[in-house]
Amino acid sequence: MRSLPADLRYIERMATKNRPTGGVTRRTALTTLSAAVAVTLRPDLVSGQDGALADTTKRWGRLPNALGARSPAENPKRTPSPTSSRTPLQDLHGTITPSDLHYERHHAGVPVVDPIAYRLMVHGMVARPITFTLQDLKRFPAATRTCFLECSGNFGGQREDVTPQDLCGLTSQSEWTGVMLSTVLNEVGARPGATWFLAEGQDAAVMTRSIPLKDAVGEAMLAYAQNGEALRPEQGYPVRLLLPGWEGNAAVKWLRRIEVGDQPFMTREETSKYTDPLVDGTAREFSLVMDARSVITSPSYPQTIEKGFVELRGVAWSGRGAIRRVDVSTDGGRTWKPATLQQPVLPKAHTRFRYAWEWDGRPTEVLSRAVDETGYTQPEMSALQRVRGRRTRYHLNPVTGWTIAADGRVRFGLQRMRA
Amino acid sequence: MIVVGAVFTISLAAAAQSPSGPLRIGTPATPGQIAALDIDVRPDGTGLPPGGGTAREGAPIYAEKCAACHGANGEGGTADVLVGAEPKNSAPFGPEYERWRGARPDVPFTIGNYWPYATTLFDYVRRAMPAGAPGSLTADETYALVAWLLAKNEIIAESDLINRETLPRVRMPARARFVPDSRRGGAEVK
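These figures come from a predicted structure and were not determined experimentally.

Q: Hey, could you run me through the overall build of chain A in this one?
A: Counting its secondary structure elements, chain A contains 9 helices and 24 strands. Taking all 419 residues of chain A together, the buried fraction comes to 50%. Partitioning the contacts of chain A with sequence separation of at least 6, the portion at a separation of at least 24 is 69%.

As structure tokens, this is what we get:
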């Protein structure tokens, strides 16, 4: 027998002593420590031969450890592609996205940044160009903000067999902590006439975006923490720009440089990408704010529902402020009723909505439609295409829904996307 | 909402409350440190380095370092389509485009029909390309590649020299298409 720490020897003794006597041979095997540990890791060992769960009241479980992990029965996953990975919205509850499920979008992979060597340089139209270490940034007065972050290329509704994750999994929500950009600008002394700044990352794309200073400075943060701990590497460790309500691409990660200037720099990502062709032949640039949107996360593809009580659940958000109302329709858009919003409703934040419904078993489509505090109502795809034309690629936020067949099978409401 | 909102408001107020001036955190950045990182190029040409190149000089560099992903003639591959002068006198969207296109398939968005500033090409190619070795191109190589891309898109001639004086003067076909964001919330769908 290997040597074990005292507490584990104790738990092994307890496990052995409390061995069940029901003649279940598999359980006998569980009396060694390795098998007892395996109980926490392998759900197949937890079940008896009849599939019933083991009686957890007859043996001690594992003692406290250094790092928690999900139940092995829970397996939410992002869906990665070569350029992004999407949050499994259909698997989540409430409004906070677990950090390891926050969507990713990066243009040249996730760099490994040494937090000791890390520097942020702020220069340009400033009185005092300064480099800051990570510790320097953490010395400043801190601020915390819960908000959503959404990629402006967040629309995947081209087929009937898409999940909420496929449809719009490039939105996630965290509680972010950092130093306000205004605090740092006060330190360097932005000069009169400064109207824009360039944010630059230290990934291999050396990602850059121009940010209008006046619109951003009230809420922009240099974030070093997410959901109570340091940023995840894929979220910009050690420091990222955070612009609540604005398209995710502008929230430059692995932030290494801020250059204050008096005009936009016109980088690739704000000219040839992330701009919106319109129906009249013009193209909208610096369309930074994400308009209101909602999605029903349950029921959704590939669920099958049963007649009777069904709670419609989803999330709504707006880059312009708080969600004022979410209307749902259970009859394909003929009538709409307000859903219940989970309090507190934060500005520029995912807002959970729910609606109690009794499904009568007849085929239908369930829809949601967000209204924000400016009075903006999430539009139909047909209305979006009327103003933006056929070839618009970003900032799509149409009303979407799920069709429900007589057999209870749920599919994405594709017909509504064909304006 | 009330609690979190209040905390946020207070922290903003705290930040705004430093009229007493800087907190003396951080280290002054030297001109050398700034120059080492300051690689951006603006539409007016600010930030462009000395050097230059032509499309003829750019062709072999493109073939060696770019064609594998973007296609031998910029027609695209695993990476973006770069070349496409069509539609002439229009963008690849909007009413003129729809008339021009008729029943033909859509053309892709390219440097020739969608990029509004030629300086962006230099900025982006220098910082992020080629994907296998970002930041490895010299200023001359970058100018030559930019010249090749502009010539292939029928914006300049093959013999035109592109450098810090000429590049900001290149007028891109799509330049006048771009308009500021007019969305402001409210009832109107834009």
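Still more to cover.
Q: Please explain the overall build of chain B as it appears in this structure.
A: Counting secondary structure elements, chain B contains 8 helices and 4 strands. If you list the helices and strands of chain B from N to C, you get α-β-α-β-α-α-α-α-α-α-β-β. Taking all 190 residues of chain B together, 37% fall into the buried category. In chain B, the proportion of contacts linking residues at least 24 apart, taken out of those at least 6 apart, comes to 65%.

Q: How should I be thinking about the interface of chain A and chain B in this particular structure?
A: Interface extent is often summarised as the accessible area lost during association of the parts. Listed per partner, the contact involves 66 residues of chain A and 53 residues of chain B. Looking at the side of chain A that touches chain B, the elements with two or more residues in it are β4 (120-124), β5 (130-132), α5 (134-139), β6 (143-150), α7 (181-188), β13 (255-261), β15 (283-285) and α9 (381-388) of chain A. Taken together, the residues that form the side of chain A that touches chain B break down as 29 nonpolar, 21 polar and 16 charged. In this sheet, strand β1 (residues 27-28) of chain B lies alongside β5(A) in antiparallel orientation, the contact comprising 2 bridges. In the sheet register, A:Ile130 faces β1(B), and the bridge partner there is B:Pro28.

Q: Sorry if this is basic, but what is going on with unusual backbone geometry here?
A: Peptide bonds are, in most cases, trans, and in most cases residues other than glycine have a negative phi. Residues and elements named next belong to chain A. With an omega dihedral of 5°, the bond running from Tyr 301 to Pro 302 counts as a cis peptide bond. Within the secondary structure, Pro 302 is located in the loop between β16 (293-298) and β17 (308-317). Backbone torsion omega between Gln 343 and Pro 344 reads -5°, so that peptide bond is classified as cis. In this structure, Pro 344 sits in the loop between β20 (340-341) and β21 (351-359). Not every positive phi belongs to a glycine, and Phe 286 is a case in point at roughly 50°. Here Phe 286 is to be found in the loop between β15 and β16.

Q: Can you help me understand the confidence of the model for chain B in this one?
A: Reading predicted coordinates in detail is not appropriate for stretches of low pLDDT. Residues and elements named next belong to chain B. Per-residue confidence for chain B gives a mean pLDDT of 91; residues scoring 70 or more make up 89%. Across residues 1-18 the pLDDT falls below 50, and counting only partners more than four positions away or on other chains, this stretch makes 23 contacts in the model. This complex was scored by the predictor with a pTM of 0.89 and an ipTM of 0.90.

Q: Sorry, what's going on with the pairing of strand β22 (residues 364-372) of chain A here?
A: On a regular strand, one side chain projects to one face of the sheet and the next to the other, so that they alternate. All names here are of chain A. Summarising burial for β22: 7 of the 9 residues are buried, a large majority. With 6 bridges connecting them, strand β18 (residues 323-329) and β22 associate as antiparallel partners. Across the sheet, the residue bridging to Ser 329 is Leu 367, located in β22.

Q: Which parts of the structure should I look at to understand the sheet that holds strand β23 (residues 401-404) of chain A?
A: Across a sheet, strands are paired by hydrogen bonds formed along the backbone, either parallel or antiparallel in direction. Residue and element names in this part refer to chain A. Taken together, the 5 strands give an open sheet; going across it, the order is β19-β18-β22-β23-β24, and neighbouring strands pair in antiparallel fashion. Two strands bound the open sheet, and with one partner strand each, they are β19 (337-338) and β24 (410-412). The sheet contact formed by β18 and β19 spans 2 bridges and is antiparallel. If you follow Asp 327 over to β19, its bridge partner there is Pro 338.

Q: I tried to follow the environment of A:Val326 on my own but got confused; where do I start?
A: Residues and elements named next belong to chain A. Residue placement: Val 326 occurs in strand β18. By C-beta crowding, Val 326 is classed as buried, having 27 other C-beta atoms within 10 Å. Taking C-alpha positions, Val 326 is 23 Å from Arg 418, a pair spaced 92 residues apart along the chain. Among residues more than four places away in sequence, those in contact with Val 326 are Ser 294, Ala 316, Ala 339, Leu 341, Phe 353, Ser 368, Arg 369 and Ala 370.

Q: Can you help me understand the sheet that holds β4(A) in this one?
A: Taken in spatial order, the 6 strands make up an open sheet running β9(A)-β8(A)-β13(A)-β4(A)-β5(A)-β1(B), and their pairing is mixed. In the strand order of this sheet, the two ends are held by β9 (208-212) of chain A together with β1 of chain B, each with one partner.

Q: Looking at this structure, I do not really get the packing of helix α3 (residues 55-65) of chain B against helix α8 (residues 139-152) of chain B. What am I missing?
A: Residue and element names in this part refer to chain B. The geometry of α3 relative to α8 is characterised by a closest axis approach of 7 Å and an angle of 100° between their N-to-C directions. It follows that α3 is roughly perpendicular to α8 by the angle criterion. Seen from α3, the contacting residues are Ala 55, Glu 57, Gly 58, Ala 59, Ile 61 and Tyr 62; seen from α8, they are Glu 141, Ala 144, Leu 145, Ala 147, Trp 148 and Ala 151. Classifying every residue of the contact of α3 with α8 by side-chain character gives 9 nonpolar, 1 polar and 2 charged.

Q: Looking at this structure, I do not really get the nonpolar core. What am I missing?
A: With 136 residues, the main nonpolar core has A:Leu137, A:Met221, A:Leu222, A:Leu241, B:Val146 and B:Ala147 as its most contacted residues. Among the elements that line this core, the one with the most residues is α8(B), at 9 residues. When we break this core down by domain, the ones giving at least three residues each are domain 2 (86-275) and domain 3 (293-417) of chain A. Setting aside residues up to four positions removed in sequence, A:Leu222 forms contacts with A:Leu137, A:Gly178, A:Val179, A:Leu181, A:Val184, A:Val239, A:Leu241 and A:Leu255.

Q: Can you help me understand α7(A) in this one?
A: Within an α-helix, residues lying three or four positions from one another point in the same direction, as the helix has 3.6 residues per turn. Along α7(A), 8 of the 8 residues are buried, which leaves the element largely enclosed by surrounding structure. Immediately downstream of α7(A), the backbone of A:Gly189 shows phi near 70°, a positive value.

Q: Where do I start with the pairing of β4(A) in this structure?
A: Residues and elements named next belong to chain A. The element β4 is largely enclosed, with a buried count of 5 among its 5 residues. Residues of β4 alternate between two faces, with Leu 120, Val 122 and Gly 124 on one and Met 121 and His 123 on the opposite face, all of them buried. The pairing of β4 with β5 spans 3 bridges and is antiparallel. Note that in β5 the partner of Leu 120 across the bridge is Phe 132. Here β4 hands over to β5 after 5 residues, the two strands then running antiparallel side by side. Note: β4 against β13, 4 bridges, orientation parallel.

Q: Where do I start with the environment of A:Gly169 in this structure?
A: Residues and elements named next belong to chain A. Within the element layout of this structure, Gly 169 appears in the loop between α6 (164-168) and β7 (171-180). Separated by 79 residues in sequence, Gly 169 and Gln 90 have C-alpha atoms that sit 9.2 Å apart. Apart from residues lying up to four places away in sequence, Gly 169 is in contact with Thr 79, Arg 86, Thr 87, Pro 88, Leu 89, Tyr 103 and Pro 164.

Q: Please clarify how the packing of helix α7 (residues 119-128) of chain B against α8(B) should be interpreted in this entry.
A: Each pair of packed helices gets described by two things: the angle between the helix axes and the distance between those axes. Residues and elements named next belong to chain B. Closest axis-to-axis distance for the α7/α8 pair is 9 Å, and the angle between their directions is 130°. One finds that α7 runs oblique with respect to α8. The way α7 lies across α8 gives a crossing that is right-handed. Between α7, through Leu 121, Phe 122, Val 125 and Arg 126, and α8, the contact on the second element is made entirely by Thr 142, Leu 145, Val 146 and Leu 149. Looking at side-chain class alone, the contact of α7 with α8 contains 6 nonpolar, 1 polar and 1 charged residues.

Rules of the game
- Residues numbered from 1 in each chain as written.
- Chains lettered and ligands numbered in written order.
- Predicted model: local features only at pLDDT ≥ 70, side-chain atom pairs only at ≥ 80, totals over all residues.
- Helix = DSSP H or I, 4+ residues; strand = E, 2+ residues; numbered from the N terminus.
- Buried ≥ 20, exposed ≤ 12 C-beta atoms within 10 Å, placed from the backbone.
- Contact = placed C-beta atoms within 7 Å.
- Nonpolar A, V, L, I, M, F, W, Y, C, P; charged D, E, K, R; others polar.
- Pairing = 2+ DSSP bridges.
- pLDDT = per-residue confidence, 0-100.
- Axes fitted to C-alpha atoms, helices over the stretch in contact; angles between N-to-C directions.
- Parallel < 35°, antiparallel > 145°, perpendicular 65-115°, else oblique.
- Core = buried A, V, L, I, M, F, W, Y, C linked by C-beta atoms within 7 Å.
- Domains from an automatic or database assignment.
- Left-handed = near helix turned anticlockwise from the far one by under 90°.

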